[in-house]
Amino acid sequence: MAKRGFNGAIMSAFGLRDHEAEVIDVEHLAPNFVRVRMTSPTVFTDAEVGPTAWLRFWFPDPDDPDFEHQRGYTITEADPEAGTFAVDFVLHEPAGPASAWAESVTPGTRVEVASMGSTVFTLPDELPAGYLLIGDSASIPAINSILEATPADLPVEVYLEEHEPSDRLIPLSRHPRMNLHWVPRRGDSSLAAAIESRDWSDWRVWTALESGSLKAIRARLKDDFGFPKSEITARAYWYEGRAFGKMRGEKKDDTPAEAAAESTSGAEPSPASANASPTSPNAETPAAPKGSWRANAGGRLIAPLKATLWIAGILQAIVTLVELAPYVLLVELSRQLLTGADSATLWATGIWAVVLMGSGVVLSAALLFWLHFVDARFERDLRRRLLTTMARLPLGWFVDRGSGRIKQLVQDDTLALHYLVTHAVSDAVQAVVAPVAVLIYLFVVDWRIALALLVPVLVYIVTMYIMIIQSGTKPKQALTWAEQMNVEAGSYLAGQPVIRVFGGASASRFRSRIDEYVRFLTDWQRPFTTSKTVMDLVNRPATYLLIITALGTWLTVSGSIDPIDLLPFLFLGTTFGARLLGIGYGLSGLSTGLLAARRIQNTLDEERLEVVERHRAQVDEKDTAASARDASRDSHPAPGLVEFDDVGFAYRPGVPVIDGVSLRLEPGTVTALVGPSGSGKSTLAALLARFHDVTEGAVRIGGRDIRTLPGDELYTQVGFVFQDIQLVQGTVAENIALAVPDASEDAVIDAARQAQIHDRILRLPDGYDTVIGTEAALSGGERQRLAIARAILADTPILVLDEATAFADPESEHLVQQALGRLATGRTVLVIAHRLHTITDVDRIVVLDHGRVAESGTHDDLIAAGGRYRRLWDAREITSATAPRTQGATR
Amino acid sequence: MIRTFLALMPADRRGAMGLHLALTVVSVILRALGTVVLVPLVAALFGPEPAEAWPWLGLLALATAAGWAIDAVISRIGMDLGFALLDSAQHGVTDRLSRIRLSWFTPANTATARQAIAATGPDLVGIVVYLLTPLLSGILLPITIAIALIPISGPLALAALIGVPILLAAFFGGARIGRHADRVAAETNSALTERVVEFARTQQALRASRRTETERSLVGTALSRQHGAAIRVLLLQVPGQVLFGIASQLALLVLAGTTAYLTVTGTISVPEAIALIVVIIRCLEPFTSLAGLSAAIESTTGVLRNIRTVLDAPTVGTAAPTDSTDRAPAQIQPHPQAQLHAQDLPRTQGQSRAQGSAASAPAITLTEVAFRYDPDSPDVVAGLDLEFAPGTTTAIVGPSGSGKSTILSLIAGLQEPSAGRVLVDGVDLAVLDATARHTLTGVVFQHPYLFDGSLRANVLAGHPEATEQRIDDVARLARLDELLARIPGGWDAEVGEGGTALSGGERQRVSIARALLKPAPILLVDEATSALDTENETAIVTALTDDPTPRTRILVAHRLGSIRTADRVIFLAEGRVIEDGTIDELRAADGRFAHFWREQDAASGWKLRAHPSA
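Conventions used here
- Residues numbered from 1 in each chain as written.
- Chains lettered and ligands numbered in written order.
- Predicted model: local features only at pLDDT ≥ 70, side-chain atom pairs only at ≥ 80, totals over all residues.
- Heavy atoms only, no water.
- Helix = DSSP H or I, 4+ residues; strand = E, 2+ residues; numbered from the N terminus.
- Rg over C-alpha atoms; globule rule 2.2 N^0.38 Å.
- Buried < 20%, exposed > 50% of the residue type's maximum accessible area, 1.4 Å probe, protein only.
- Contact = heavy atoms within 4.5 Å.
- Areas by Shrake-Rupley, 256 points an atom, 1.4 Å probe, with all protein chains shown as cover.
- Buried area = accessible area lost by both parts, 1.4 Å probe.
- Salt bridge = Lys/Arg side-chain N within 4 Å of Asp/Glu carboxyl O.
- Polar contact = N/O pair within 3.5 Å; in protein donor to acceptor, adjacent residues only side chain to side chain.
- Nonpolar A, V, L, I, M, F, W, Y, C, P; charged D, E, K, R; others polar.
- Pairing = 2+ DSSP bridges.
- Axes fitted to C-alpha atoms, helices over the stretch in contact; angles between N-to-C directions.
- Phe/Tyr/Trp six-rings, centres within 6.5 Å; stacked < 30°, edge-to-face > 60°.
- pLDDT = per-residue confidence, 0-100.
- Parallel < 35°, antiparallel > 145°, perpendicular 65-115°, else oblique.
- Left-handed = near helix turned anticlockwise from the far one by under 90°.
- Domains from an automatic or database assignment.
- Core = buried A, V, L, I, M, F, W, Y, C linked by side-chain atoms within 4.5 Å.

1. So, the overall build of chain B
Counting secondary structure elements, chain B contains 21 helices and 10 strands. In summary, chain B has a C-alpha radius of gyration of 35 Å against a globular reference of 25 Å for 614 residues, an excess of more than 25%. Each principal axis of the C-alpha atoms in chain B carries an extent, and together these give about 115 × 65 × 50 Å. A total of 614 residues make up chain B; the buried ones form 56% of that total. For chain B, the share of sequence-separated contacts (at least 6 apart) that also reach a separation of at least 24 residues comes to 73%.

2. Things to note about the overall build of chain A
Helix and strand content of chain A: 29 helices and 21 strands. When each of the 891 residues of chain A is scored for burial, the buried share is 55%. Of all intrachain contacts in chain A linking residues separated by at least 6 positions in sequence, the fraction that spans at least 24 positions is 74%. Of the roughly 36500 Å² of accessible surface on chain A, 55% is carried by carbon and sulfur atoms.

3. Observations concerning the interface of chain A and chain B
Every contact between the two is made by 148 residues of chain A and, on the other side, 144 residues of chain B. Across the chain A to chain B interface the summed buried area is about 13300 Å²; carbon plus sulfur atoms make up 66%. Applying the counting criterion to the chain A and chain B interface returns 3 salt bridges. As a salt-bridge pair, R526 of chain A and D80 of chain B come within 2.9 Å of each other at their nearest N and O atoms. Counting across the chain A and chain B interface gives 23 residue pairs in polar contact (both at pLDDT 80 or more). The dominant element in the side of chain A that touches chain B, judged by the number of residues it contributes, is helix 8 (residues 343-390) of chain A, at 19 residues. Counted by class, the side of chain A that touches chain B contains 83 nonpolar, 41 polar and 24 charged residues.

4. Details of the sheet that holds strand 18 (residues 798-802) of chain A
All names here are of chain A. One open sheet accounts for 6 strands, arranged 17-18-19-14-20-21; its pairing is mixed. Two strands lie at the open edges of the sheet, namely strand 17 (718-721) and strand 21 (852-857), each paired on one side alone. Neighbour-to-neighbour, the strand axes of this sheet turn through a mean angle of 20°, independent of strand direction. With 5 bridges joining them, strand 20 (residues 844-849) and strand 21 adopt antiparallel strand pairing. Paired with L848 across the two strands is V853, which belongs to strand 21. Contacts from helix 20 (residues 681-688) reach strand 14 (670-674), strand 17, strand 18, strand 19 (828-832) and strand 20, with the element oriented near 150° to strand 19.

5. Description of the packing of aromatic side chains
Residues and elements named next belong to chain B. Following the criterion strictly, the structure yields 27 aromatic pairs over all chains and no others. Ring plane angle 70° and centroid distance 5.4 Å describe the contact between F171 and F244, whose orientation is recorded as edge-to-face. Taken together, the residues span a long stretch of sequence, with F171 in helix 7 (residues 154-201) and F244 in helix 9 (residues 218-264) at a distance of 73 residues. Each member of the pair, F171 together with F244, is buried. Relative to F287, the ring of F244 has its centre 6.0 Å away and its plane inclined at 45°; by these criteria the two rings are tilted.

6. Notes on the confidence of the model for chain A
Residue and element names in this part refer to chain A. For chain A, per-residue confidence averages 80 on the pLDDT scale, and residues scoring 70 or more make up 85% of the total. Confidence over residues 243-285 falls short of pLDDT 50; this stretch has 102 contacts with residues more than four positions distant or in other chains. Predicted confidence is poor over residues 878-891, with pLDDT under 50, and the contacts of this stretch with residues over four places away or in other chains come to 33 contacts.

7. Overview of the side chain of E162 of chain A
Residues and elements named next belong to chain A. The topology assignment puts E162 in strand 8 (residues 156-162). With relative accessibility at 12%, the residue E162 sits in the buried group. Side chain to side chain, E162 and R168 meet in a polar contact 2.4 Å long. When sequence neighbours within four positions are dropped, the list of residues in contact with E162 reads D167, R168, W182, V183, P184 and R185.

8. Some details on the sheet that holds strand 2 (residues 33-39) of chain A
Residue and element names in this part refer to chain A. One closed barrel holds the 6 strands; their spatial order is 1-2-5-4-3-6, and the pairing between them is antiparallel. On average, each strand axis in the sheet is inclined to that of its neighbour by 45°, with strand direction left out of account. Of the pairings in the sheet, the one linking strand 1 (residues 19-30) to strand 6 (residues 110-114) comprises 4 bridges and is antiparallel in character. Within strand 6, the position partnered with A21 by the bridge is V111. The strands touched by helix 2 (residues 97-104) are strand 1, strand 2, strand 3 (54-60), strand 4 (68-79), strand 5 (84-90) and strand 6; relative to strand 3, the strand with the most contacts, the crossing angle is about 85°.

9. Section: the packing of helix 10 (residues 447-471) of chain A against helix 14 (residues 529-538) of chain A
All names here are of chain A. Here helix 10 crosses helix 14 at 160°, and the two axes come no closer than 9 Å. By the criterion of interaxial angle, the relationship of helix 10 to helix 14 is roughly antiparallel. You can see that helix 10 and helix 14 cross each other, and the crossing is left-handed. Residues P456, V459, Y460, T463, M464 and M467 of helix 10 pack against S531, K532, V534, M535 and V538 of helix 14. Grouping the amino acids of the contact of helix 10 with helix 14 by side-chain chemistry returns 8 nonpolar, 2 polar and 1 charged.

10. Digging into the domain arrangement of chain B
Under the domain assignment, chain B is made up of domain 1 (2-311) and domain 2 (326-335 + 357-604). Using C-alpha coordinates to define each centre, domain 1 of chain B is positioned 53 Å away from domain 2 of chain B.

11. Some details on the pairing of strand 14 of chain A
Remember that side chains alternate between the two faces of the sheet whenever the strand is regular. Residues and elements named next belong to chain A. Strand 14 sits mainly inside the fold: 5 of its 5 residues count as buried. Bridge analysis of strand 14 against strand 19 gives 4 bridges, and the strand direction is parallel. Residue L673 lies in a different strand from strand 19, and its bridge partner there is I832. Bridging between strand 14 and strand 20 involves 4 bridges; their strand directions are parallel. The residue bridging T671 from the neighbouring strand is R844, located in strand 20.

12. Regarding the pairing of strand 19 of chain A
A large share of strand 19 of chain A lies buried, amounting to 5 of its 5 residues. Along strand 19 of chain A, one buried face is formed by T828, L830 and I832 of chain A and the opposite face, lined by V829 and V831 of chain A, is buried too.

13. Observations regarding the confidence of the model for chain B
Residue and element names in this part refer to chain B. Of all residues in chain B, 91% attain a pLDDT of 70 or more, and the chain-wide mean is 81. The weakest mean pLDDT in chain B belongs to helix 11 (residues 349-354) at 41; the strongest belongs to helix 2 (residues 14-36) at 92. Segment residues 318-358: pLDDT under 50, and 68 contacts once partners within four positions in sequence are set aside and those in other chains are kept. Note on the complex model: pTM 0.72, ipTM 0.80.

14. A word on the nonpolar core
Core analysis: the biggest nonpolar cluster contains 217 residues, and L97, L366, I411, L455 and F593 of chain B have the highest contact counts within it. Among the elements that take part in this core, helix 10 (residues 270-311) of chain B stands out by supplying 20 residues, more than any other. Residue assignment places this core across two domains, with domain 1 (2-311) and domain 2 (326-335 + 357-604) of chain B each supplying three or more. Ignoring anything within four residues of it in the chain, the contact list for L366 of chain B reads L384, D385, L386, F388, I407, I411, R421 and V422 of chain B. A391, F649, I658 and V718 of chain A belong to the second largest nonpolar core, which has 72 residues in total.

15. Examining helix 20 of chain A
Residue and element names in this part refer to chain A. Counting buried positions along helix 20 yields 8 of 8 residues, so the element is predominantly enclosed. Within the sequence span of helix 20, burial applies to K681, S682, T683, L684, A685, A686, L687 and L688. Positive phi shows up at R690, right after helix 20, with a value of about 55°.

16. Thoughts on the pattern of salt bridges
Within this structure, the stated rule accounts for 54 salt bridges over all chains. E379 of chain A is the partner of R383 of chain A in a salt bridge, and the nearest nitrogen-oxygen pair spans 3.2 Å. With R383 of chain A and E379 of chain A both in helix 8 and 4 residues apart, the pair spans about one turn of that helix. For the pair shown, R383 of chain A and E379 of chain A are each scored as buried. Note that R13 of chain B and D80 of chain B form a salt bridge whose closest N and O atoms lie 3.4 Å from each other. Placement of the pair is R13 of chain B in the loop between helix 1 (2-8) and helix 2 and D80 of chain B in helix 4 (residues 53-97), with a sequence separation of 67 residues. Judged by relative accessible area, which is 24%, R13 of chain B ranks as partly exposed. Looking at D80 of chain B, the relative accessible area reads 30%, which means it is partly exposed.

What follows is the structure, given as C-alpha cells:
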C-alpha cells in the first residue's frame, strides 16, 4: 500500500472505497491533451454518472513511487453497464503526478479510483435565460458535458482562458446557440475583464478555473453584473504557480475537484476556432447594467414585510434572552443562599424572576398575535393579487399547468409564506440567538469547561459528515425511489380492476418493486445504526453532565474554580449541544418560505394579456393600408365580423404553429376548420377566443384588434363551447346565468329550453335551485347542454365551437346536437371539425395544414377541386379513427 | 396510532418489543440515578471538602457509562424493529390493496393508499428510534426523577410529583389546542382551496362569463370569508403555542421557590439546596426534547393513519367491512365462511374454468341482485333477476347512471352484490376465491388501463401462454393490426405509463385484444362513450361476432352498430330492467328502446348548419 499522506487518511476515515481500474485505450485528442479509457467493473456501484461528474484517482508520485497523490478528473465517457469510462488529461511541463502518469500510460496499466463528493450538473426546473460557462483547458471536459446537457434553444456563452495556444485545439462539444470566446491569460483578472458587459438577467453561471482567475471572476459576476450567489456554481480546479508534483499530498484541498493543469510552455500557436472572439482584456469596459434575477424574486415579494420581519426578529431576540434569564437568576439565587442573604433579597430575586418570566410570556404571545395578524392580511392581499394576475394570463397558461399546480401556488405556497412570516423568522432568530447567548455566557464564566463542551458537538458533526459522505448518491436515489414508488403505486392503484381480471404478472411486478425499495432503504440505513447511536449518545444531556461534573470536580478540588461558576454549566450546559445543532434546523424554514415566495413572485411577473391602446396595435401592424381600413371600418362597425389578418402564432420562438393565416368570417356564417391533428385548427380557434396572443398579424372582430378590447368587452362578443365542460359549484340557475348573473328567471328558463335541458332540470331534486355536484350528478351530455344554455344566454355574436362536443355523450347525442344547432343560429361560428360529414352544409370549409390555409370553399367546391379536402373526405373513415387524442381545446 | 403500530409489528418481533421496552425503563432509571447522584456530588463541591465529590462522580460516570451501553443496545433493537416495521407495512398494505373492494377506491382513498405505499418508508424505519424511544423516556424520566427525590427531600419530591403531570398535561393540551386550531384553519382553507381549484379549472368559462375580477368572482368571495375565519382562528392558535411555555416557567418558579423556602426555614442545607436546583432543572429538561418531538409525532401519526385507512378498508369476500381491524395485516384473511378455494369445490364448472379450459359457454344468473357503494348510499341497481343463456350475446342499453357498468362489475366479480346472488352455471361467485372468480371473465373496460411495457406484454397479460397464431388472430379481430403496422417497433412498442403513449382509441383496441386472448368463458365489454373513433366500433363488433371462442357475452352498448350484434337487448333505467327482448321486439314495442334507437339514428346523420331545419 502506497503512502497517501493526510489526504489518504481522511479519505479512508470517510469509508471511501477504492476500485481498481485498468487502462484499455489512450487517445491523443490534441497536442498535450489525451483521453484515457479505462475499465473498472465495480466503480459504478459508487460513482454517479452525469454531466461534470468526476472521479478521484490515486497517481504515483513521479519522484517517489511509494507515494500516491489524489487528483480529481471529470468523466468524459461512461458506460456504467460495461464498467468502462474515460477521462481527459492536460499534459504539461513540469509534469505533476497526474500529467506524468497520463503521458506515459499504456493499456494494461492499473490505477486505483474512488468516487466521493462528485456533483452532477442538472438543469433546474425553471430554465435560466442562458448559461454562462467559464473555464480553461482543465475544465473543458466538464464544459463539454454541460453543453451536451443544455437544451438546444438555450443560449450559451462560453469563455475559455487560454494558457497555451494549443488549448484551442482541444475538441469542444457543439451547441447550436453557443458563442465561444478564447481569452489569452495575462494575469488573474484578464479573463474577468473579458466577460461582456451586458444585462445578464436570469442567466446562470458554471465556472471552474485557476484559483486566482476564479477570484476575479467571482468579483466581476457579483459586483459588476449582480449575479445572485444561488445562480453561480464555481470551483477552483488548480492553483497557478503551485507545482502539484512537489506537493506530497499533505495538503487537504478545500476545493471539490482539482484537475491538475499547470500552465507552461508547449505546443505552437495555432489558429483559433471559427467563432472565437479575441477580447482585449485592457479595453475600457463600460459599466455593466445590473440584471435582475428570478432567483431574487422572492425577496421582492416579501419586501413590504421587511420592516415587520426585522421588528419581529429583534423582539424575538429579546424574548429569547428573557427566556434564558431565569437560569441566570437561579445562579444568583444560589449565590444569595450561599452568602446567607436575608429573605428580602431572596424575595427581590423571586419578584424579578416573576416579572421577567411574565414579560417573556406576554411579549412572545403579543409577538405571535401581531405576526399572525399582519400575515393574515398580507396573505389575503397576496392571494388576491395572484388571482387578479391569473385572470389576465393567457388561457393557455392554465392548460399548461393544470389545477394542481395552481392550487399549489395560491394555497400551498401562500401557506409556506405564512409559515415564513409567522414562524420561520422567529424560529431562526431563536435558534441562533439562544445558543450564541449561552455560548458567550458560558465562555465568560469559564472558558475551559465551555471549550470542553464543544468536543461532543465536534464528534457529532464529524460523524454526521462521514455519514453524509458515505451516503454518497443514496439520498438522491432515495428521492428518485420515492418518486418512482409514487408513480408505480399510482399505476398499481389505477390498474386495480385490470390487475384483478388479468392479474398475475403486473401485480407481482409491483410486489418485487416494493421488495427492491425496502431493500434499498435497508441497505442504505442499516450500516448507519452505529453512527447514529454514537451521534445520539454523544449529544445527550447525560454526556454533557458527565463532562461538566468531571471537569468541575477536578477544577474545584484543585481550587481553580469557584463552584458557583459551575452552576451556569449545570443549568444551561447540558442542553448546549442540542441548542447549537438546532441552528441548522431552525434556519431551514427560511429557505422553504423563500422558495415559495420566489414561485409566487414569478407568477406575478408572468406576461399578461394586456389591453393595448388602439393606436399602438395599429402601429404594430405592417400594413398601413390595413390600419386605414381599420379606421374606416371603425365608423361602420359590423358586429360579428371576424378577420384573421396574416396571423402567425408560435408557442416557442421559431416553431410556428399558425403561419400567415388570413381569413374573413362574415357575420352570421358558419366556417369549419378541417385538418389532421397538429394542423393548428384548435390553436387557430383558440386565438379568436384570445387564449393566447398572436405573435404575427392581428385578429379583429367588428373591425377592432382583439388586443385593444378589454376582457369584458371581448367576451361580450366572443363565446365558446368546447368539449371540456366547466361548471362551477353552485345551482343550475347560477351556472346558466354565469355570464349574466342578474338575468331574469324567464331568460334562464328560455335558454335552458333552447338547449334541450329544461325538462331534465325540472326532474332534479330542487329544479333550477339544485346545487350541481353535491345534490345531483349530471351526465356528460347534460353538462354539455347546460354549458350550451349558458352560451345561449350570454348571447355573443361570435361563437367558437368544437364539433366533438356533439359526440362526447352518446346517450344524449341527439339533444346536444339540437342544442348546438340552436346555439349556432344567427351567429358567426368558427367550428373545429373532426367528422367531415357533420360540416358538409356549412358556409365555408377551411383546410389547414401545418398551420397554413391549404384550401377553402364549400363542401361541393372542395370535392370538385379534388385537392387535400377531397383526399380527407375519401379517407374519412381512417382519419376519424385517428381523431383527436385529447379534448384539449387549445392545441 | 399505538394500535396501528402494534398491528404492523410482526408477531416474531413481540419479544424484541418487550426487551426494548424493558431496557428503556432501565435506561430511564439509570438516568434518574445519574441525576440524583448530583445531590451529594454538588453538595460536596459546595461543602467544605470538595474532594468528597470524587466517589459520587465515579458513581455518576458508572451510571452514565451503563446508560450508554444500554442505550446502544436499545437503539440497535429499535433500528431492527424499524426495518421489520417497514417490511411488514409495505407488504401488508400491498397485500391488502389487492383485496380491497373496488368501490372503496374513491379519489380521496386512492390518494391515501398511494401515500401509504410511497411516502411512508423512511418514517417507518425511524419510528422506534427517533420517536417512540425518546417519547417514552421523555415522559418517564421526569416522573422517575421526582420519585427518586422522595428520600432526599419529601416536600420537593411532592411538588415535583404534582408538577410533572401538570406539565405533561400542558404539553399535550397545548399540542391538542394547536391541532384543533390547525384543523379549523384547514377547514376554512379547504373552502377556499376548492374555489381556487375551480377558478383554475373553469378559467375559460369564467373568463367567457366575465367573472374573473376578484370583486365579481366566486373565489373573491371565498377569499374574504377565509380571511375573516383566519383572524378568528388566531384566538385559538396563539394560546396553544404559549400554554406549555407558561406552564414550564411556572413549574421552575414554584420548584425553585420551594427550595429557597426550605433553605431559609433550615430544612435543608445551602449546598443541598443548590444541588436540588440543579436536579429540578434536570427534571424539567426532558420536556424540551418532548417539545422537539411534536413535529415528528404529527407526521408519524399521519403516516400511520394512512396505513390504518388502507388496512381498515373493506375487502372483497369479507361479510363485515370493519371486522378485520384488530388483526395484523399479515394475518388478515378473507372471511373464512365466504372463502372457498376453487380446488376445494366439488366437481363444478368453477373448477374446470379455474384451470383455464373453456369448453363451453356458461349460463349466468342474477337473482334478486342489488348493489350500493356503501351502506348509506342509495341502490345503484336493485331487484335484478336476469338470466344470460350460454353462448348468447346480450346488449345492455340505457341512460347514463342507470347501472349498466355495475352489472358488468358484478358479473366480473369486481364488485359484490349487497343483496342477492350472482351465479355462473349454478355456482355462486361469492363462494369462489378471487382467482377462480377472475378466471371466468375477460373484460374490456370503458377506460382501459394499460401497464407500462410493450404492446405485446399488455395483450399477453390476458393469457401469457397463448400461441403466436392465437395472438395474431386476436390482433386482427381487435383491429390492432393497423396500429401494429403503423407504430414504430410494432409489438415491441412501449405503451407508456397507463398507456398514455397511445390514443384513447388505440388503448381501447389493445384492451379488446387482451380480453379476447384470455380464454375466459365470459366476455364483458363496456363500450367507450367517445364516438370519434369508428375503428373502435368496428373492433368491438368483430370482437363480438367473429371470435370463435365459445363465450357468453355481455356488452354495455351506446351505438347502434354494436347493439346490432346482440341476440338480446336489456334496457336499463334507474337500476331496473325496463325492457327486455330482441331488437325487433323492442323496436316493435315502441318503448324507451325504440325512442333511443330513433334518436341514435337521427344523431348519426346530424349536420351542423347555420339555420337548422329542425
